[in-house]
Amino acid sequence: MKIEFAPTLPVGSHLLAQIANKDTLPGDLEKALGEGAASARFKGGAGQIFEGFAERDGAVVRLALAGAGAPDADGRSANLEKAGAALAAKYLTSGEKTLAIDFSDGALSAEDVASVLLGVRLRAWRHDAYRTKLKDEQKRSLETVIAVGAPDGAETAWTVAAALADGVEFTRQLVTEPPNKVFPISFVDMCREEFDGTGAELIVLDEDAMEKLSMGALLGVGQGSAQPSRLLAIKWDGGGSEAPTVFVGKGVTFDTGGISLKPGAGMDEMKWDMGGAGAVAGGMLALARRKAKANVIGVVGLVENMPDGNAIRPGDVLTSMSGQTIEVLNTDAEGRLVLCDALHWAQTEFAPKRIVDFATLTGAMLISLGHEYAGVFSNDDALANDLLAAGTQSGDKLWRLPLGPAYDKLIDSQIADVKNVGPRPAGSITAAQFLQRFIHDGVAWAHCDVAGMVWSDKPGATWEKGATGYGARLIDRFVRDTLEG
Ligand code: BES
Ligand code: MN
Ligand code: ZN
């Protein structure tokens with residue numbers, strides 16, 4: 001989607017749109033349109049659309065009113081995004097190639113305009129690369145959005161929002177690509193390409209390097225796969241001498257369950273078991289593209305979990321990089337095995353002030369919070385509160401769940417230091433307790449279980465059904481509000 005700015009309406013055929021507020025239509029609207037909108041019960045609610053026709057410069061044009069809710073409402077920018085997103089949803093495959101949004105009545109600020117455009121871009125994203133037989137009416141037609149008469153500063157505001165859109169789209173692409181396209185090595189390659197020229201530094205550990213570091217847990221998960229495992233760090237040093245903030249992502253590019261094989265139905269969904277890693281990569285891309293003034297590192301553990309003659313077995317004992325031994329009782333509880341080595345390495349290597357991991361860790365998370373909130377677990381109230389606030393601000397919502405010694409003892413093992421599964425109750429919490437055992441003294445840590453959030457079976461306000469891009473905006477917002485002051 002091309003986004004352009006122009007002082008006046010373009011010549012030639014295009015769709016025209018204006019943004020309406022709750023209960024107030026744009027002032028200069030033709031009588032017929034105003035009355036039409038009223039009789040169609042268009043009230044300017046967020047995401048509401050009314051379509052009519054108007055005469056401009058002697059030509060009849062299709063004109064859409066998009067509602068952005070009340071100007072003083074909470075979440076106004078989300079509502080402005082909804083206005084843009086509703087336009088994208090309605091006209092993406094309409095046959096229209098160009099959408100001109102007329103901002104020249106001056107009602108919206110530069111930031112507001114950027115929010116509308118962000119909504120358009122996010123809602124317009126689809127992955128059509130492998131759909132070679134789409135009928136014309138199924139193909140996307142909309143190519144260009146022109147912001148007409150936007151106030152000074154709108155283009156600058158848009159460059160920041162566009163970086164965020166780049167990040168969200170990268171997360172979605174990584175999550176959407178099938179598992180024969182996204183595997184550890186190709187994930188790294190896609191990042192190399194995307195971060196090229198941004199100034200971010202990429203560090204890649206192959207299996208030999210991880211072997212030397214004794215990452216027996218992460219390597220154990222990958223040992224049944226024909227695809228070699230990787231650990232990738234994306235370093236963005238935007239200034240400051242402070243210790244970095246580190247984000248860690250679970251990147252299981254496909255999770256069959258391993259020898260503890262998952263049931264067949266719906267197993268294809270486990271292509272998005274790298275959604276935590278996708279969020280971290282997309283979040284880092286947004287930060288790098290908008291040149292965030294902060295010192296941030298993203299670390300992703302990349303493996304494929306397959307059953308094989310060489311795969312780990314239930315009952316195996318693995319030695320993690322931290323030296324702690326792990327009894328593997330279920331090879332399908334693999335995410336924590338990947339994360340424990342990634343977390344330990346990240347703390348050893350980068351001595352972070354704060355470390356936050358993202359993982360599609362437990363099915364139990366969908367049972368507790370469904371698809372509305374990701375769960376957050378933390379050893380530090382200030383960090384948890386900062387994340388909750390960033391969740392509210394970004395729309396990538398979080399809800400805090402508890403940790404505690406009574407849960408922790410549920411994963412004591414008889415033969416090793418810890419076992420990789422607890423009893424069925426509180427499955428998301430015992431998974432978090434497992435990770436906490438790998439957090440070094442004095443490090444503020446939070447774990448976000450995003451299992452219910454990275455994929456959606458129905459379209460949302462700003463996404464087509466499929467990959468939501470969850471997490472990229474949360475990371476961007478968290479960095480903006482806690483590190484960039
Ligand atoms: N990737 C899954 C968790 C998951 C399941 C995410 C469904 C999204 C939707 C994870 O690796 C897993 O298999 N977890 C097990 C843990 C259990 C064996 C303790 C689970 O949740 O069933
Ligand atoms: Mn699993
Ligand atoms: Zn998994």
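Please read all numbers here as calculations on a predicted model, not as lab measurements.

Parameters at a glance
- For every chain, the first residue of its written sequence is number 1, and the numbers climb from 1 along that sequence.
- As a convention, the first chain written is A and the first ligand written is 1, with the rest following in written order.
- This being a predicted model, a pLDDT of at least 70 is required before a residue's local features are given, and a value of 80 or more before pairs of side-chain atoms are given or counted; all residues contribute to the totals for chains, interfaces and linings.
- For the side-chain quantities, the full set of heavy atoms in the structure was used; hydrogens and water were omitted.
- Helix and strand labels come from DSSP, where a helix needs a run of H or I of at least four residues and a strand needs a run of E of at least two; each type is numbered from the N terminus.
- Radius of gyration: C-alpha atoms only; globule rule: 2.2 Å multiplied by the number of residues to the exponent 0.38.
- Only heavy atoms enter the contact rule, under which two residues are in contact if any of them lie within 4.5 Å.
- Positive charges come from Lys and Arg, negative ones from Asp and Glu, while His and the chain ends are left out of the count.
- One atom stands in for each charge, and that atom is NZ of Lys, CZ of Arg, CG of Asp or CD of Glu.
- Nearness of a residue to a molecule or strand requires only that one of the residue's heavy atoms be within 4 Å of it.
- Between N or O atoms, a polar contact is any pair within 3.5 Å; within protein, one atom must be a potential hydrogen donor and the other a potential acceptor, and residues adjacent in sequence are included only when both atoms are from side chains.
- Using a 1.4 Å probe, the Shrake-Rupley method yields the accessible areas, and only the shown protein chains count as cover for residues.
- Each residue gets one of three labels, nonpolar for Ala, Val, Leu, Ile, Met, Phe, Trp, Tyr, Cys and Pro, charged for Asp, Glu, Lys and Arg, and polar for the others, Gly among them.
- Any two rings among Phe, Tyr and Trp, with Trp reduced to its six-membered ring, count as a pair given centres within 6.5 Å; such a pair is stacked if its planes are under 30 degrees apart, edge-to-face if over 60, and tilted if neither.
- In this scheme, a residue with accessible area under 20% of its type's maximum is buried, one over 50% is exposed, and one in between is partly exposed, where area comes from a 1.4 Å probe on protein chains only.
- Any nitrogen, oxygen or sulfur atom within 2.8 Å of a metal ion counts as a donor, with the limit raised to 3.2 Å for Na, K and Ca, and since water is left out, coordination shells can look unfinished.
- Geometry is assigned from donor-metal-donor angles: four donors are tetrahedral when every angle falls between 85 and 135 degrees, four are square planar and six octahedral when opposite donors sit over 155 degrees apart with all other angles between 65 and 115, and any other arrangement is irregular.
- When a carboxyl oxygen of Asp or Glu is within 4 Å of a side-chain nitrogen of Lys or Arg, the pair counts as a salt bridge.
- For helices, the fitted axis covers only the stretch in contact; all axes are lines through C-alpha atoms, and the angles between them, taken along N-to-C directions, range from 0 to 180 degrees.
- With respect to orientation, any angle under 35 degrees is reported as roughly parallel, any angle over 145 as roughly antiparallel, any angle of 65 to 115 as roughly perpendicular, and every other angle as oblique.
- When the near helix sits turned anticlockwise from the far one by under a right angle, the crossing is termed left-handed; a clockwise turn instead gives a right-handed crossing.
- Throughout the structure description, domain borders are defined by an automatic or database domain assignment.
- Simply put, the buried area is the total loss of 1.4 Å probe accessible area from both parts when two parts are fitted together.
- Whether two strands pair depends on DSSP finding at least two bridges between them.

1. Side note on the overall build of the protein
Helix and strand counts for the protein stand at 14 helices and 19 strands. Its C-alpha radius of gyration of 24 Å places the protein within 12% of the 23 Å reference for a compact globule of 485 residues. Projected onto its principal axes, the C-alpha positions of the protein cover 80 × 50 × 40 Å. Sequence separation of 24 or more characterises 76% of the internal contacts of the protein that already satisfy a separation of 6 or more. Of the charged side chains in the protein, 47 are positive and 64 negative, and the gap between their average positions amounts to 4 Å.

2. Some details on the site of ligand 1
Taken together, 17 residues lie around ligand 1, and Lys-262, Asp-273, Asp-332, Glu-334 and Gly-363 are the ones closest in. Lys-250 is positioned such that a nitrogen or oxygen atom in its side chain is 3.2 Å from an oxygen atom of ligand 1. Leu-361 places a polar main-chain atom, nitrogen or oxygen, 3.5 Å from a nitrogen atom of ligand 1. When isolated, ligand 1 has an accessible area of 510 Å², and the protein chains bury 77% of it. Across the shell around ligand 1, the residue classes tally to six nonpolar, four polar and seven charged.

3. Side note on the packing of aromatic side chains
Considering all chains together, one arrives at eight aromatic pairs under this definition. Arranged with centres 6.5 Å apart and planes meeting at 75 degrees, the rings of Phe-170 and Phe-195 form a pair that is edge-to-face. Placement of the pair is Phe-170 in helix 4 (residues 154-176) and Phe-195 in helix 5 (residues 184-195), with a sequence separation of 25 residues. Both residues of the pair, Phe-170 and Phe-195, belong to the buried class. Arranged with centres 5.2 Å apart and planes meeting at 75 degrees, the rings of Tyr-373 and Trp-399 form a pair that is edge-to-face. Residue Tyr-373 is found in the loop between helix 10 (364-369) and strand 14 (374-378), and its partner Trp-399 is found in strand 15 (residues 398-400); the two are separated by 26 residues along the sequence. For Tyr-373, a relative accessible area of 27% puts it in the partly exposed group. Take Trp-399: its relative accessible area is 48%, and that puts it in the partly exposed class. What links up through ring pairs into an aromatic cluster is the set Phe-247, Phe-358 and Phe-478.

4. Details of the coordination of the zinc ion (ligand 3)
Geometrically, a metal with four donors at the corners of a regular tetrahedron has ideal angles of 109.5 degrees, and one with six donors at the corners of a regular octahedron has ideal angles of 90 or 180 degrees. Coordination of the zinc ion (ligand 3) by the protein comes from Lys-250 (NZ), Asp-255 (OD), Asp-273 (OD) and Glu-334 (OE), over a distance range of 2.0 to 2.4 Å. In this structure, the zinc ion (ligand 3) is coordinated by six donor atoms arranged in octahedral fashion, with angles at the metal of 78 to 175 degrees. Between consecutive donors of the zinc ion (ligand 3), the numbers of intervening residues give the motif K-x4-D-x17-D-x60-E. Separating the zinc ion (ligand 3) from the manganese ion (ligand 2) is a gap of 3.1 Å, bridged by Asp-255, which donates to each.

5. Considerations on the coordination of the manganese ion (ligand 2)
All of the protein donors around the manganese ion (ligand 2) are Asp-255 (OD), Asp-332 (O), Asp-332 (OD) and Glu-334 (OE); their distances to the metal are 2.0 to 2.2 Å. Geometry at the manganese ion (ligand 2) is irregular, judged from its six donor atoms and the angles of 70 to 167 degrees they form at the metal. In primary sequence terms, the donor set of the manganese ion (ligand 2) follows D-x76-D-x1-E.

6. Some points on the pattern of salt bridges
Inspection of every chain in the model, using the stated rule, returns 29 salt bridges. Here Arg-121 ties to Asp-166 by a salt bridge, and the two come within 2.8 Å at their closest N and O atoms. Taken together, the residues Arg-121 in helix 3 (residues 110-124) and Asp-166 in helix 4 connect sequence positions 45 residues apart. As far as burial versus exposure is concerned, Arg-121 and Asp-166 are alike and both buried. Between Asp-128 and Arg-126 there is a salt bridge whose closest N-O contact spans 2.8 Å. Like Asp-128, the residue Arg-126 is buried in the burial classification. One connected set of salt bridges, linked through shared partners, spans Arg-121, Asp-166, Glu-169, Glu-194 and Arg-289.

7. A few points about the packing of helix 4 against helix 8 (residues 275-289)
Any two packed helices are characterised by the angle at which their axes cross and by the distance between the axes. Packing of helix 4 against helix 8 leaves a shortest axis separation of 7 Å and a crossing angle of 155 degrees. Looking at the two axes, helix 4 sits roughly antiparallel to helix 8. Regarding helix 4 and helix 8, the two cross each other, and that crossing is right-handed. The residues of helix 8 that touch helix 4, namely those facing Ala-163, Leu-164, Asp-166, Gly-167, Phe-170, Thr-171, Leu-174 and Val-175, are Gly-275, Gly-278, Ala-279, Ala-281, Gly-282, Gly-283, Leu-285, Ala-286 and Arg-289. Broken down by class, the residue content of the contact of helix 4 with helix 8 amounts to nine nonpolar, six polar and two charged.

8. Considering the domain arrangement of the protein
Many structure descriptions define interface size as the accessible area lost when the parts assemble. What the domain assignment reports for the protein is domain 1 (2-152) and domain 2 (178-484). The distance between the C-alpha centroids of domain 1 and domain 2 comes to 37 Å. Contact residues are listed per partner, giving nine residues for domain 1 and nine residues for domain 2. Roughly 770 Å² of surface becomes buried between domain 1 and domain 2 when both sides are summed, with 57% attributable to carbon and sulfur atoms. Three residues, Leu-122, Arg-123 and Tyr-130, lead the burial of domain 1 against domain 2; their summed loss comes to 55% of the area buried on that side. Scanning the region where domain 1 abuts domain 2 turns up two salt bridges. Note that Glu-464 is salt-bridged to Arg-123, the shortest N-O span being 3.9 Å. For the interface between domain 1 and domain 2, the tally reads one residue pair in polar contact (both at pLDDT 80 or more). Its residues placed into classes, the side of domain 1 that touches domain 2 shows five nonpolar, no polar and four charged.

9. Quick notes on the sheet that holds strand 15
The sheet built from eight strands is open, its strands ordered 7-8-10-9-13-17-14-15 with mixed pairing. The two strands at the open ends of the sheet, each matched to only one other strand, are strand 7 (201-205) and strand 15. Each neighbouring strand pair of the sheet contributes to a mean axis angle of 20 degrees, computed without reference to strand direction. Most of the contacts of helix 14 (residues 472-483) go to strand 9 (residues 245-255), to which it runs at about 170 degrees, and overall it touches strand 9, strand 10 (295-305), strand 13 (354-359) and strand 15.

10. Describing the side chain of Ser-413
Residue placement: Ser-413 occurs in the loop between helix 12 (405-408) and strand 16 (418-419). Side chain to side chain, Ser-413 and Glu-327 meet in a polar contact 2.7 Å long. A polar contact is formed between the side chain of Ser-413 and the backbone nitrogen of Ala-416, at a distance of 3.0 Å. Residues in contact with Ser-413, not counting those within four places in the same chain, are Glu-327, Val-418 and Lys-419.

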